[in-house]
Amino acid sequence: MIDIEIDPSAPERAVMAVESQVSSFDDLSDETLQALSVAYQRLLRPHEARICHRILSERVPKNATFQNYATAQFRCGDAAGAIETQDRVNRDILTPSGLRIYVQERFEYMRALGQLEEAFDMLQAYADARGELSLGVHLKLAEGERQLGYPERAYRRLTGGLEAYAENPSYLMAMASCAGEINRNSDALLLSSLVCSRPKPQAAHLLVYLRLLWQEGATDRIWPVLKKVQSLAMRDPALLKFIREIAYVSPDAARFCIAFEDTLEKAALKAAPPDLLRLSEGFLSLDRFERARDVAESYIQFFKGMPQAYYVRGMAAFYLDDYELAEADLLHCADLNPGHLQVYGILLNTLPRHPDGVARLAACLERRDNSHSRFRSHAGDGRRGFLDIERSQLCFMQGDYLGGQMVRQERPVCRFLEQRFPATYTAFRDPRFNQSGGGSVLVISEDGVGDEVRWSQYYNSLLEHYDRVEITCDPRLETLLQRSFPQIRFHPFSRRLMERPGSEDSTSRSVPFFALARLIDDHLYARLAEFSDIRLTADMVMGAWAGQPGGQPLPEGPPDVAHMVPEPGLVKHWRAHFASTLGRDLKVGLVWRSSMVTPRRAKHYINPETMRPLLRMKGVQFVSLHAEHSDQERDFCYRHGIDILEDVDLQDDLETVAAVTASLDLVIGAGTFNAEMAAAVGTPVWLLGSYCNLVHFRLGQSEGDIDRLSPNMRIVRLDGEAGFTGTDAEMQRRVVEVARQDLQESQKSRLRPMSKETPNERRA
C-alpha cells in the first residue's frame, strides 16, 4: 500500500500529488484514503470522496467506515444507497452520541427520499424516548416542521428550547430565520442582532441580519454592520454579492463595494496560489468579471480539476460574452460535481443557443436531480418547499407551460395557503376554474407590474366561472384596471419587491407568513375565509390554460385583441400630440432596457447603439418609452432623432403609459413593462429575440414567431445557420437587421393586423 503524506491545509496540492503518483485509489493506504477523502470534500468533489470511503468500508468493515461511506453516498445524491449502507451499522454498540448522529443522518436520508413525515416521526420518537434535547436534534425537528409547512410550530419549538441554547449562535439564527418566515420581523431582528453584535460573528449570520435589515427598510443600521464586515476582513462571496446587489440602488452601499474591491486587489497582489480561488469568487460577487476570470485562470493553471474554479471562470466568461468558454467550463464543473447547483442557472442561458440545446438542458437537470438530495425531498403533499426555477423555465422552453406553472406551486406560500384554507385554495390538486359556476374568487397578484399587465388578459374569463371576482393590484394600475374590467373589484396594494428596501407600510403585520404578507394587506387577509376560491396569479394562469386545448397556451398565441382600455381623453391628447410633432410617418416606440440595469441584467436587454439600422429608415419616427435616460442615452436619442417625452412620468403614471403606447403604431425592443402595456392596449409589439432564453421561453418549441404568452406580440427571431452565435452585440445587430427588413415590408400595411405566418413563410 502506498502511503502519501497529505497536508489538510492544502487540499489542492494534496489531490494533485496523489493523482500524479497513483493510477488507482485501491493502491493507497487507509490513512491516505481517509485524508484524501477530506481533501476531495473540501474541493467540492464528492464523487471522488465517495470512492475513498467505499474502499475503506470494504477494507475495514466497522461502524465508523459504514457511517462515513453512507454520508459520502448521500452527498452524491444516493440517499437510498446511504440507507442501505447505514443498515450495516451495529446500533447495539453505538454510544449515546453515536446513536444521536445515526438518527440525525437517517432523518436526512429519509427526507431525501420523500419520506419527510416518516423521518420526522422517527426523530420525534427518538427524542421522546430519551428526553433528547440536544442542539442537533432540536434544530432538525424544527427544520422538519418548517418543511412540512408548519413554521409557527417550528418557532414555538425553538422558543421552548431558548433557555438551554440562548448562548448558541446557530440556534438563535435558526430562530431568527423562522421568525422572519412567519412575519415576526421584530423578533427576527432582535435575535440576529444579538448574534451579530458579538466580536467575531459568522459571515452567514451577518448575511441573514443584513437581509432582515434591508427587508425592514432599516438602512441606517446596515452601514455599521458593513463596517464590521470590512474591519474583520471578511471576503465571503455571499456577503459580497449582497453588498453588490444593494449597491445598485444605494450610493452608500456602492462606496463599500469600492472599498471591498480595493481590498481584493491588494490581496491578489500577494496571494498564494491556493488563495486565488477565494479571491476570484469575491471578484465575481462584486461583478468584476474580467478580474474574476483572470484570477480563476491563474488558479486553474496551478490546480486543475477543481469544480468551483471552472464555475467562477465560466460565470465570468458568460457575462463577458465568451459563450464557448462559459459553456465548456460550466459543463466541466457539472461533470466534476453534478450537485453544484449554481451551474444550472447559467446553463439555462447558454445551452438553448444550440438546436438541441433544450434537450441537452433537460438531460443536465435530470443528472442534477439524481445527484442532489434536495430535488427528491418532499412532503406527503408532493411539494418540496422551494421554487425550482430551472425546472420551471425548462418546462416553458419545452412548451409545457402548465407544467412550468405547476412547479411554482411547490413554493412555501402555496403550502401555507392550502393548509390555512384547504377547502378554497385547491389549485395544486385541480388547477381548473370553478366548473359548476357561481361563488366568489380572490386573485392575489404577485411578481412585477409587467407580469400583472400580461396576465390581466385572463381576468374576463374568471367572470365566466364566478359570480364575484376580486383581485389585488398595484396601486398605479387601479384606475386602468377598473375601467378595463368594470365587473371586477380591485384592491390596490404595494407589493414588496425584494431588491428594494422595505418600509413600515410595505408588509402587512397580522398576516402570519412573510411571503404572503408582502402581497396582501391585513384587511383583505381577514376576509379570505369569505371566498369560495383563492388563487395566486400563477394559479389563475394555470386555470386559464387548463381550459384550453391541450392544457397549454395556444401555439398561435392569444387572440390579438386589446384587454386594457386606456383613458379616452388621454389617448386623444397623445394622438394629437404625435400627429403634430411626428407628422404622418409611422410612429414606433423603442424600449431597450428596464428601469433597473445591472451588469448581470444587461444581457436581457438591447444596446441602443445596435438599433441604428432601424433609425435610418425613411417614413418612420421613433419615440423613447423610457422614464429616465442616462446622459449617454439622451445624447444618443438627440443624435438619431428619437423623441423623448419630457415632463412625463412613464414610471408611475401608468394611465399615461397606456395612452402613449395606444397612440403608437408599433413598439420594438426588449421585454419590459412598457412592451407588455403596449400589447395589452392593442399596439403590435416586436420583441428583439437576440437572447436565446427569451425566444425559447416565449415560443416554447413553436416554429412560428407569435408570442404564446402575450397578445399582439411577436418575437423577431434569429434564423439561419448563424443562430445564437457570436457576442451579444453581434446577435443584437443581426436581429435588428431582421426587424428592419420586416418593418420595411410592413410599412405598406401599417402593421395591422399581425400575421400568423411563420417567419420563413412571411419572408418568402
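Residues numbered from 1 in each chain as written. Predicted model: local features only at pLDDT ≥ 70, side-chain atom pairs only at ≥ 80, totals over all residues. Heavy atoms only, no water.

A word on the overall build of the chain. The helix and strand inventory of the chain stands at 39 helices and 10 strands. Counting only residues that meet the buried cut, the chain has 58% of its 764 residues in that class. In the chain, 66% of the contacts between residues at least 6 apart in sequence involve partners at least 24 apart. As displayed, the chain has an accessible area near 31,500 Å², and 50% of this comes from carbon and sulfur atoms. Placing the 91 positive and 106 negative side-chain charges of the chain at their respective mean positions leaves the two points 1 Å apart. (Helix = DSSP H or I, 4+ residues; strand = E, 2+ residues; numbered from the N terminus. Buried < 20%, exposed > 50% of the residue type's maximum accessible area, 1.4 Å probe, protein only. Contact = heavy atoms within 4.5 Å. Areas by Shrake-Rupley, 256 points an atom, 1.4 Å probe, with all protein chains shown as cover. Lys, Arg positive; Asp, Glu negative; His and termini not counted. Charge placed at Lys NZ, Arg CZ, Asp CG, Glu CD.)

This part covers the packing of helix H23 (residues 389–397) against helix H24 (residues 401–408). Contact geometry for H23 and H24: axes closest at 7 Å, N-to-C directions at 165°. As judged from the angle between their axes, H23 and H24 are roughly antiparallel. In this structure, H23 crosses over H24, and the sense of that crossing is left-handed. Here Arg-391, Ser-392, Cys-395 and Phe-396 of H23 come into contact with H24, specifically with Tyr-401, Gly-403, Gly-404, Gln-405, Val-407 and Arg-408. (Axes fitted to C-alpha atoms, helices over the stretch in contact; angles between N-to-C directions. Parallel < 35°, antiparallel > 145°, perpendicular 65-115°, else oblique. Left-handed = near helix turned anticlockwise from the far one by under 90°.)

Below, the discussion takes up the sheet that holds strand S7 (residues 643–644). An order of S7-S6-S5-S8-S9-S10 is seen for the 6 strands of this open sheet, with the pairing classed as parallel. Only two strands of the sheet have a single neighbouring strand rather than two, namely S7 and strand S10 (713–716). Alignment of strand S9 (residues 685–688) against S10, held across 4 bridges, turns out to be parallel. The partner of Trp-686 across the bridge, within S10, is Arg-714. The strands touched by helix H37 (residues 692–699) within the sheet are S9 and S10, with S10 carrying the most contacts at an inclination of about 140°. (Pairing = 2+ DSSP bridges.)

A separate point is unusual backbone geometry. A positive phi is found at Asp-287, a non-glycine position, where the angle reads about 65°. Looking at the element boundaries, Asp-287 is found in the loop between helix H17 (276–285) and helix H18 (289–302). Assessed through its relative accessible area of 9%, Asp-287 is described here as buried.

What follows concerns helix H16 (residues 251–269). End to end, H16 covers 28 Å across 19 residues, agreeing with the expected 27 Å (1.5 Å per residue, within 8%). Three or more residues of H16 are buried, namely Ala-253, Phe-256, Cys-257, Phe-260, Glu-261, Leu-264, Ala-267 and Ala-268. Taken down its axis, H16 places every buried residue within 145° of arc, on the same side. Opposite the buried face of H16, by more than 90 degrees, sit the exposed residues Pro-251, Arg-255, Lys-266 and Leu-269. Contacts made by the buried residues of H16 are with helix H14 (222–231), helix H15 (237–247), H17 and H18. (Expected span 1.5 Å × (residues − 1). Arc of directions from axis to C-beta.)

Let's shift gears to the confidence of the model for the chain. Model confidence for the chain is summarised by a mean pLDDT of 89, while 95% of its residues fall at 70 or above. Under a pLDDT of 50 for its full length, residues 752–764 has, in the predicted model, 36 contacts with residues more than four places off or in other chains. (pLDDT = per-residue confidence, 0-100.)

Here we have 4 strands laid out as an open sheet, ordered S3-S2-S1-S4, and parallel in their pairing. Two strands in the sheet have a free side with no partner beyond their single neighbour: strand S3 (489–492) and strand S4 (533–536). On average, adjacent strands in this sheet sit at an angle of 20° to one another, irrespective of strand direction. Against the sheet, helix H31 (residues 537–546) engages strand S1 (440–444) and S4, with an angle of about 105° to S4.

This brings us to the packing of aromatic side chains. Each aromatic ring pair is characterised by the separation of its centres together with the angle its planes make. For the structure shown, the criterion picks out 22 aromatic pairs. Ring geometry for Phe-396 against Tyr-401: centres 4.8 Å apart, planes inclined by 70°, an arrangement best described as edge-to-face. Both residues of the pair, Phe-396 and Tyr-401, belong to the buried class. Ring centres of Phe-416 and Phe-513 lie 4.7 Å apart, and the angle between their planes is 10°; on these two criteria the pair is classed as stacked. Placement of Phe-416 in helix H25 (residues 412–420) and of Phe-513 in the loop between S3 and helix H29 (514–517) is noted, with a sequence separation of 97 residues between them. Of the residues examined, Phe-416 reaches a relative accessible area of 5% and is grouped as buried. In this structure Phe-513 comes out as buried when scored by relative accessible area, which is 3%. A connected cluster of aromatic rings, assembled from ring pairs, spans Phe-396, Tyr-401, Trp-455, Tyr-458, Trp-545 and Phe-697. Across the ring face of Tyr-150, the terminal group of Arg-153 is positioned such that the distance to the ring centre comes to 4.1 Å. Its end group placed over the ring of Phe-318, Lys-603 keeps NZ or CZ at 4.8 Å from the ring centre. (Phe/Tyr/Trp six-rings, centres within 6.5 Å; stacked < 30°, edge-to-face > 60°. Lys NZ or Arg CZ within 6 Å of the ring centre and 35° of its normal.)

With that out of the way, let us pick up a negative patch on the surface. A surface patch of like charges, here negative, comprises Asp-3, Glu-5, Asp-7 and Glu-31. Checked against the element boundaries, Glu-5 lands in the segment before helix H1 (11–21). (Patch = residues over 30% accessible without salt bridge, like charges linked within 9 Å, V, L, I, M, F, W, Y side chains within 5 Å. Salt bridge = Lys/Arg side-chain N within 4 Å of Asp/Glu carboxyl O.)

This part takes up the pairing of S4. Burial along S4 is two-sided: Asp-533 and Arg-535 and Ile-534 and Leu-536, pointing in opposite directions, are all buried. As paired elements, S1 and S4 share 4 bridges and run parallel to each other. Note on S4: the bridge partner recorded for Ile-444 is Leu-536.

Our focus in this paragraph is the pattern of salt bridges. In the structure shown here, the tally under the stated rule is 59 salt bridges. Note that Arg-527 is salt-bridged to Glu-530, the shortest N-O span being 3.1 Å. Between Arg-698 and Asp-707 there is a salt bridge whose closest N-O contact spans 2.7 Å. Grouping residues by exposure puts Arg-698 and Asp-707 together as buried. In this structure, a network of salt bridges that share partners links the residues Arg-368, Asp-369, Asp-388, Glu-390 and Arg-391.

For the rest of this paragraph, the subject is the pairing of strand S6 (residues 620–624). Taken residue by residue, a regular strand's side chains alternate between the two faces of the sheet. The element S6 is extensively covered by neighbouring structure, given that 4 of its 5 residues are classed as buried. As paired elements, strand S5 (residues 586–591) and S6 share 5 bridges and run parallel to each other. The residue bridging Gly-589 from the neighbouring strand is Val-623, located in S6. Bridge count for S6 against S7 is 2 bridges, and the pairing is parallel. Bridge pairing in S7 places Ser-624 opposite Ile-644. Between the parallel elements S6 and S7, the chain passes through helix H34 (residues 631–639) in a crossover that is right-handed. (Right-handed = clockwise from strand over helix to strand, strands pointing away.)

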